[in-house]
Amino acid sequence: MNFELQEELQSLQDILTYEIPNEHDVSSLSDRAISSLLERAVEALAESSDNITDPSIFDTYRSLLKHAESLPGSTMSKILDSISSAFQAQVDATVRDMEYEDPQTFGAHKTPLEMFAFLLQWFVSAAEKVKDSGEEEVVAPPPPPQKGRKGRGGKVAAGKSAVSRGWTWEDQIPGTLAVISRVLRLKTQRIWTTTADRDTFINCITRPAYHITESEQYMKQQPIRLGVYKVICLAVKHHGHTLAAQITIMQSLQYYEHLSEPMAECLTVLAKEFDHPQLGDEILREIAGKSFSAQDSKGPRAFSRFLVRLAELAPRAVLKQISLLLSHLDSESYPMRMALVEVIGNLIRELAQSSDISNTDLQHQTQRQITGLYDLLLERTLDLSSYVRTKVFSVLSKLCDLPVKFPKQRLAITRAAVDSLEDKASGVRKGAVGLLVRLIVTHPYGLMHGGLLSLREWEARYREVSEELEKLGGTVGKAVEREEGEEDEEGENESKAGDEEEDKDEEEGEEGEDGDATPRKKGKPRSGDDMEVDGEGEDAGNATSPKPTKKQKKPRKSEIDIQALANEQAALATLQSNEYLHLKLRKRYYAEALNFVRQVEGGMEVVQKLLASTNKAEVLEAIEFFRVAYEYAFDGAEAGIRKMLHLIWHKDNSSTSEDGKELKGVRSRLLECYRSLYFDPIPDMEPKQQVNRIAKNMIEQTYNATLAELTSLEEMMRIMMDDNQVHPDVVAKLWQVYSSERPLPRMQRRGAVIILGMLALARRSVVAEKVDVLVKIGLGNLGKADLTLARYTCVALQRLNGSIKKIKGSLLSTTLRLSIDNPIFRRLCETIEHPCRSKEWFGMAEQAINTIYALAQRPDLVCEAVVRGLMRRAFGRRGASSAAGGATGAKVKDGEKEKDEDAMEEDEEPRSDDVSADRSAATPDDAEQKDVGDAFELSQLLFVVGHVAIKHIVYLELVEREWKRQKHEREQAEKLAAGRSTPTRASKDAEELDQVAGNAEDEIGERIAAIRETELLYGPESLLAMFGPMIVHICGSPHKFKNRTLRAAATLAFSKFLCVSSQFCDQHHRLLFKILETSKDASIRSNTVIALGDVAVSFSSIIDENSNELYKGLSDSDLTVKKNTLMVLTHLILNGMIKVKGQLGEMAKCLEHEDERITDLAKLFFSELATKENAIYNNLPDVISHLSVGAHAVEEEVFQSTMKYIFTFIEKEKQAETIVEKLCQRFRLSEDPRQWRDIAFCLSLLPFKSERSVKKLVDGLQYYRDKLHEEAVFARFQEILTKARQNKSSNKPDAELNEFEAILEEHRRQGEEDQAFEKRVQGKKAQAKKRVTRRSARKKVAQVEEDSE
């Protein structure tokens, strides 16, 4: 039979037109007929594999394969088994014949081999086609391929499905590939003498393997994958298949994304197991020559994954071609740049872990290669694509784990990471923080001192070694002077080199110095807390062992010349010289460590800002950074740990995932971090020590904490207590610290009660069981000696009421009320009335009054007793002196002893036994002093009166709610009673009851409002009523009452009185504005601003009429006053309590303030205001006027940056159009060039997205045409034209805009000419004036001369 393989393969490309001479119409045959047809062919091949050359046999197989879609699975199985076994038999026969070296004999096998290869290749494609047609739901498709695709095919014919389940093509693939591999063991060059014929055969036999690779499902199976690799490798290695394989692999990478990694693995197998790296080299060279556009996404992604995988498996092969591949670092396609970054990382890892790094001959070359690759990576930290920059930091993080440390590169990497903390892309920032964490954990500076990185400690070590060097320097110098020989020079050269390296702080250390610096786990710096009751005195730092001699740091000095040891003096000099070099190396080691620590410390402030990021992953990375930095004892870590505390308020609603990883919630991660640092037990520690340590850490959290930090800590403690994460033994320990009889540091006892109060928020039993201890300690002698302790004790007592938040409108009340004869209230009164002159008293008194109002059944009676007691002390001590007399007396004494008073007030530390209290009453030496009161005692009285007034309002609201609750219960009972009668009657009664209930509730509200309005400050029986006029008098007479504390207390009380009654507020609110305007005390002004906000909440209409006065605080010289004013205004405006009446300009000024907090607050205000309908748009003209002209105008640069921010909120096109029109009309009324520039700048900020905006601008030409000669104005209009051209639709011609541009240019030229002409006229006028002046002067001289004659 004449069989041409190439022709047959070409014909087979179109199977419908493929002709078979003896074709059987298989589709019309029955299953039995098909089976008998196949049986004959199978038997023939079983008899002899040469029978395939029989046309009838060959055509039978071809006919069956042509109609493979209609064959059942059992038939397909028989066909494959028959072809495979016969093919193997033919190969075995060929191998036997080739041993006899008779070309004619083994040449006869050529045609059968080609025919079997042809059938096998056809079978594989037919099996695939069957599967394809199954997917397209062809009628009666054979199921085997469907099983191979895990049942994803279409509907299976019911008759054939049962038969076909036993066979799947996927299971047969490994066997088929094994047959092909056996065929490829033949020496094909001897059978096929021409290259073309051999290539045709090899391409035919390898095509099934390539065909199989196209299925992603198949390539996931390892046996199939390895079979494919073997076929390709054998074909390339032994049969000249290199070029064909190269073309096929490149096409596979281009069109099949799933083949990127398998092809890299295949090339690795070829290079390593078959010793044929040439194909890999060729493919790398071809990829290096390709170019990828930025728009192409699929191609670059596939090639990049291929390169990365190949660099992982065969880095040396990639290293050979890296010089060519580096061209892709400048590729437009960022996936290719990312791939190259990852490839470089793999190459660095390979070089660093290879034996070359320790080989003396190759070390320098390898070092140079690594340095070059690191430099390439660091350059990419400035890549345009944030994805590439992120990948760089990811790769560098992995390289930190290398056993060999590269100090110079590590310092450069640290610098790059710190610089990238302010990158605009959150992914890059996250990567930079993650890299810093890895750099810290793997740092090479743990060889000598345990690995902690406290800046202070390293600076001390550096100073110490520098001093040792200086001392030794003199001795060595003298000894070396007497030394002759080469060693002396060598030592000097070494020293100089050391000096240069240390000065630069960048020279790389020896491999012996840094290579062995395997990172070890560092101990926590706050460990070892074995707190007795007063664990305070313990060293919070880490006990560092004495510095060991540094064996790893033996100097690089070559062996000492034996001749030089001839005399003892020379030996001594050499020894000292070695020690000198040893110290030099240590100094450089310390210098590098210091450099690293300083760089990380320098980035901590930025990482603190990242804690407030809106990107969850970034925040989690920042938390981890501070946790690690704290464990390694960085000095700046504690500030970050404290700032991190505020994340406890973060809402963890949903856990997003990034890169397929589930992210932990911020709050849960924060709690985990704090627990690991402070509250989790440490292994191998006694239980008692564990409890001591945890209690001590809790208490230390309160040291020097701000109010905000204490609030966040309180929430954390509450959550931990809710989750049962605080052991009862720790609570008991805190009580032990608090109630200890031993003299503890004040901060420690305070901390204990603060934490106990926080824990009681979650579980009131924490304090309920120890009320007597709180009263005895905090309200006893210790509390009177330490008023801050007393204050926090009061806070803890308030927790007896629990922390259940009141639901708005709910009448339920779970508060606990105690009888007023309870000893708690007696002690509270005694604590408030105890003589004292410390400013701490005010904070304590505030919390004591809060406690009384929180717990007492009749707090008004308790507070009345307190007020009367303080009145007696302030006014009654010197006999007959009335309240007014006392107040006036306070003035007299204050005038005489003002300096002494102020000196006492400035004492920060409260006295332990307030003996000084008695000094407040000066000895009545003079008769005139007997009616003199004490300013401080009056301040205390007024403070209590003011706070009682404000707390009583809250108490009245509780009374109102209680009355309504009782009313509600009675109504419910009446409704139930009414419900027992007839239903119709019951419904009528219920309606009437509802009406009555509504009226009753209104009556209750009105009654309470009347008490607040008329009785509290004006009632004949009210104790507070007598203080109103007194407070007004003191606040209104600052020239009489000069004591600062008195004025501050009086102002505070006055502010609280204003919140009580609208009548009092209406009469006296102007005085509060006057205080804000005239007071010289910044703290009083600051309090006044906050008070005005509170008054506005209570009586908004009264403050709204005078809101202009409130804005004056924004121009205050004191930053606190300014910040508080901005905060109050933000609150009032955004909540609609006062209306904005053109004063937004003052708020806008704060956008460019030098204080960052004020700027941030102003930005927050405007971003929130923008959410309200048209608020910024309506006030924009006023803001522009306010900042551009008049007394309020700001610098031009400030104006521009402010407007740039505000105009970002003008998003509606309709608004933009109106603003264009208004701004154009402004040109007409302005004469000042500065105003023209400002208006033009504002116009240039608008987007000009619509044609109507441009039309409005053109229509307004008449208003600004005579201003275009001003260079800045014309430049802004040019910017507007550029925007308009960018935004116009492409089908619109440029003619209109070009015409408008020409008109602008013409008016500018004309304006310049007019200006030049005007200048000339002015010049001539000036000259004429000068001439007239000279002429008149000459006339006068002549006149004088005539008169004198």
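Residues numbered from 1 in each chain as written. Predicted model: local features only at pLDDT ≥ 70, side-chain atom pairs only at ≥ 80, totals over all residues. Heavy atoms only, no water.

K.L.:
How should the overall build of the protein chain be read in this particular structure?
P.N.:
Across its full length, the protein chain holds 62 helices and two strands. In the protein chain, the share of contacts with a sequence separation of at least 24, taken over all contacts with a separation of at least 6, comes to 74%. Here the protein chain has roughly 64700 Å² of accessible surface; of this, 49% comes from carbon and sulfur atoms. (Helix = DSSP H or I, 4+ residues; strand = E, 2+ residues; numbered from the N terminus. Contact = heavy atoms within 4.5 Å. Areas by Shrake-Rupley, 256 points an atom, 1.4 Å probe, with all protein chains shown as cover.)

K.L.:
Looking at this model, I keep getting lost on helix H13 (residues 222–238). Mind explaining?
P.N.:
Side chains that are three or four residues apart share a direction in an α-helix, a result of its 3.6 residues per turn. An ideal rise of 1.5 Å per residue puts 24 Å on 17 residues; H13 measures up with 24 Å between its terminal C-alpha atoms. Among all positions in H13, only Ile 224, Arg 225, Gly 227, Val 228, Tyr 229, Val 231, Ile 232, Cys 233, Leu 234, Ala 235 and Val 236 are buried. Buried positions along H13 lie against helix H9 (169–183), helix H11 (195–213), helix H12 (216–219), helix H14 (242–255), helix H15 (260–272) and helix H16 (278–289). Positive backbone phi, approximately 60°, marks Gly 240, located one or two places after H13. (Expected span 1.5 Å × (residues − 1). Buried < 20%, exposed > 50% of the residue type's maximum accessible area, 1.4 Å probe, protein only.)

K.L.:
What's the story with unusual backbone geometry in this structure? I'm lost.
P.N.:
When glycine is set aside, most residues are seen to have a negative phi, and most peptide bonds are trans. Phi is positive for Asp 684, which is not a glycine, with a value near 60°. Residue position: Asp 684 is located in the loop between helix H30 (666–679) and helix H31 (687–700). Relative accessible area serves as the criterion here: at 84%, Asp 684 is assigned to the exposed category. One non-glycine residue, Asn 704, lies in the positive phi region at around 55°. Classification of Asn 704 by relative accessible area gives exposed; the value is 69%.

K.L.:
Sorry if this is basic, but what is going on with the environment of Ala 1009 here?
P.N.:
Among the secondary structure elements, Ala 1009 is positioned in helix H45 (residues 983–1015). Residues Ala 1009 and Glu 960 lie 49 residues apart in sequence; the distance between their C-alpha atoms is 9.6 Å.

K.L.:
What is the right way to read the packing of aromatic side chains from this model?
P.N.:
The geometry of an aromatic ring pair is captured by the separation of the ring centres together with the interplanar angle, meaning the angle of the planes. Applying the stated criterion across every chain yields a total of 28 aromatic pairs. Their ring planes at 40° and their centres at 5.9 Å tell us that Tyr 445 and Phe 596 sit as a pair that is tilted. Here the residue Tyr 445 occupies a position in the loop between helix H23 (426–441) and helix H24 (455–481), and Phe 596 occupies one in helix H27 (residues 568–610), the gap between them amounting to 151 residues. The interplanar angle of 75° and the centroid separation of 5.2 Å between the aromatic rings of Phe 1165 and Phe 1166 together place this pair among those described as edge-to-face. Judged on exposure class, the residue Phe 1165 and its partner Phe 1166 are both buried. Linked through ring pairs, Tyr 445, Trp 458, Tyr 589, Tyr 590 and Phe 596 together constitute an aromatic cluster. Here Arg 461 stacks its cationic end above the ring of Trp 458, 4.7 Å away from the centre of that ring. (Phe/Tyr/Trp six-rings, centres within 6.5 Å; stacked < 30°, edge-to-face > 60°. Lys NZ or Arg CZ within 6 Å of the ring centre and 35° of its normal.)

K.L.:
What is the right way to look at the packing of H13 against H15 in this model?
P.N.:
Axes are the key here: two packed helices are described by the angle between their axes and the distance separating the axes. Between H13 and H15, the least distance of the axes is 9 Å, while the angle of their chain directions is 50°. Comparing their axes, H15 and H13 come out oblique. Between H13 and H15 lies a crossing of right-handed hand. The residues of H15 that touch H13, namely those facing Arg 225, Tyr 229, Ile 232, Cys 233 and Val 236, are Pro 262, Glu 265, Cys 266, Val 269 and Leu 270. Tallied by class, the residues present in the contact of H13 with H15 amount to eight nonpolar, no polar and two charged. (Axes fitted to C-alpha atoms, helices over the stretch in contact; angles between N-to-C directions. Parallel < 35°, antiparallel > 145°, perpendicular 65-115°, else oblique. Left-handed = near helix turned anticlockwise from the far one by under 90°. Nonpolar A, V, L, I, M, F, W, Y, C, P; charged D, E, K, R; others polar.)

K.L.:
What am I meant to see in the layout of surface pockets here?
P.N.:
Of the voids in this model, the largest pocket is the one considered here, and its volume is about 1600 Å³. Around the largest pocket, the lining is made up of 43 residues, and of these Leu 707, Arg 791, Phe 842, Gly 843 and Glu 846 lie nearest the centre. Put simply, the parts of the chain that give the lining of the largest pocket at least two residues each are helix H32 (707–722), helix H34 (746–762), helix H38 (787–798), helix H40 (840–855), helix H43 (898–905), helix H44 (935–979), helix H47 (1044–1060) and helix H49 (1082–1098). (1 Å grid on protein atoms, 1.4 Å probe; cavity = no way out; pocket = protein on both sides within 12 Å on 5 of 7 lines; lining within 4 Å. Points joined across faces, edges and corners; volume = space filled by probe spheres on them.)

K.L.:
What is the right way to read the confidence of the model for the protein chain from this model?
P.N.:
Predicted coordinates in areas of low pLDDT are best not read in detail. Across the protein chain, pLDDT averages 79, with 80% of residues at or above 70. Predicted confidence is poor over residues 131–165, with pLDDT under 50, and the contacts of this stretch with residues over four places away or in other chains come to 55 contacts. Low pLDDT, under 50, characterises residues 478–566; the predicted model gives this stretch 176 contacts beyond four residues in sequence or across chains. (pLDDT = per-residue confidence, 0-100.)

K.L.:
Explain the environment of Ala 68 to me, please; I cannot follow it from the model alone.
P.N.:
One can find Ala 68 in the loop between helix H3 (55–66) and helix H4 (73–99). Each C-alpha atom, one on Ala 68 and one on Ala 126, is 6.3 Å from the other, the two residues being 58 residues apart in sequence.

K.L.:
Explanation requested: the packing of H32 against H34 in the structure shown.
P.N.:
Orientation of H32 relative to H34, taken along the N-to-C sense of each, is 50°, at an axis distance of 8 Å. Judged by the inter-axis angle, H32 sits oblique to H34. You can see that H32 and H34 cross each other, and the crossing is right-handed. Between H32 and H34, the residues in contact are Leu 710, Leu 713, Glu 714, Met 717, Arg 718, Met 721 and Asp 722 and Ile 754, Ile 755, Met 758, Leu 759, Leu 761 and Ala 762, respectively.

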